[in-house]
Amino acid sequence: MNDDLAYQEEVCEELINGKVVVMSPSPAIKHNFIAGNIYNIFANYLYGKNCTPFSDGVDVYLTSQDVFIPDVMIVCDPDKIKDDGIYGAPDLVVEVLSPSTAKNDRFYKKEVYEACGVREYWLVDPNNKTVEQYLLTDGKFMIKEIYAVHPDYYLNKLTDEERTAIPTKFKCSLYDDLTIKLADVFYRVK
């Protein structure tokens, strides 16, 4: 066993409903590409603005029973940002689904984010290349849309009119002037 700290893997843990959950194994390449792409979209857009984007690895303290580590988040209230994490609801949270986390992301964590007042929540599926966009409306998450990158074999069966009707970009509800292209979200994802 090597005691050299440079060789020890960092173990990430979340507190979900009062239970410590070890986040493992390490995310797949698709997961990493997508989270990085989304972070870069927001980091470039928010450069010099008030809201701050965060990538994976930052604790979010939501309740005494729930400390999550979202893949990407946006925080617009600087008072929530502390040296050891974010205290309170981010304005936007993105979770990239993995087989080991999808159930928690889709159900329990979504309910906690909703109850704590996260304004927008995305569930991104790397395998199906979809983005589910939820907006907080009257205290409840309502699905705005499910955006998808469709495979060529499917698109080739459609008429030009049908292909044109498929959304290839969408807006984040927090910013009227930010258009997000699905191709940018799934860049390098095969």
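Criteria and thresholds
- Residues numbered from 1 in each chain as written.
- Predicted model: local features only at pLDDT ≥ 70, side-chain atom pairs only at ≥ 80, totals over all residues.
- Heavy atoms only, no water.
- Core = buried A, V, L, I, M, F, W, Y, C linked by side-chain atoms within 4.5 Å.
- Buried < 20%, exposed > 50% of the residue type's maximum accessible area, 1.4 Å probe, protein only.
- Helix = DSSP H or I, 4+ residues; strand = E, 2+ residues; numbered from the N terminus.
- Contact = heavy atoms within 4.5 Å.
- Disulfide = S-S within 2.5 Å.

Remarks on the nonpolar core
By size, the foremost hydrophobic cluster in this structure holds 27 residues, and its most contacted members are Phe42, Trp122 and Tyr175. Counting only elements with at least two residues in this core, the list comes to α1 (29-46), β6 (72-75), β9 (92-96), β10 (120-125) and α6 (182-185). Counting residues per element, this core draws most heavily on α1, at 7 residues. The contact partners of tryptophan 122, leaving out residues within four places of it in the chain, are Ile38, Phe42, Leu92, Val93, Val94, Glu95, Val131, Glu132, Gln133, Phe170, Cys172 and Ile180. Membership of the second largest hydrophobic core comes to 18 residues, among which are Ile16, Phe68, Ala89 and Val118.

Examining the state of the cysteines
Using the criterion set out here, one finds 1 disulfide in the structure. The disulfide bridge from cysteine 51 ends at cysteine 76, spanning 2.0 Å between sulfur atoms. Since a negative S-S torsion denotes a left-handed disulfide, the cysteine 51-cysteine 76 link at about 105° is right-handed. Pair noted here: cysteine 51 is in the loop between α1 and β3 (52-55) and cysteine 76 is in the loop between β6 and β7 (81-82), with a separation of 25 residues, a long-range link. Sulfur of cysteine 116: no disulfide; nearest cysteine sulfur belongs to cysteine 76 and is 17 Å away. On the basis of relative accessible area, cysteine 116 is assigned to the partly exposed category, the value being 28%. Cysteine 172 forms no disulfide, and the closest cysteine sulfur to it belongs to cysteine 76, at a distance of 8.8 Å.

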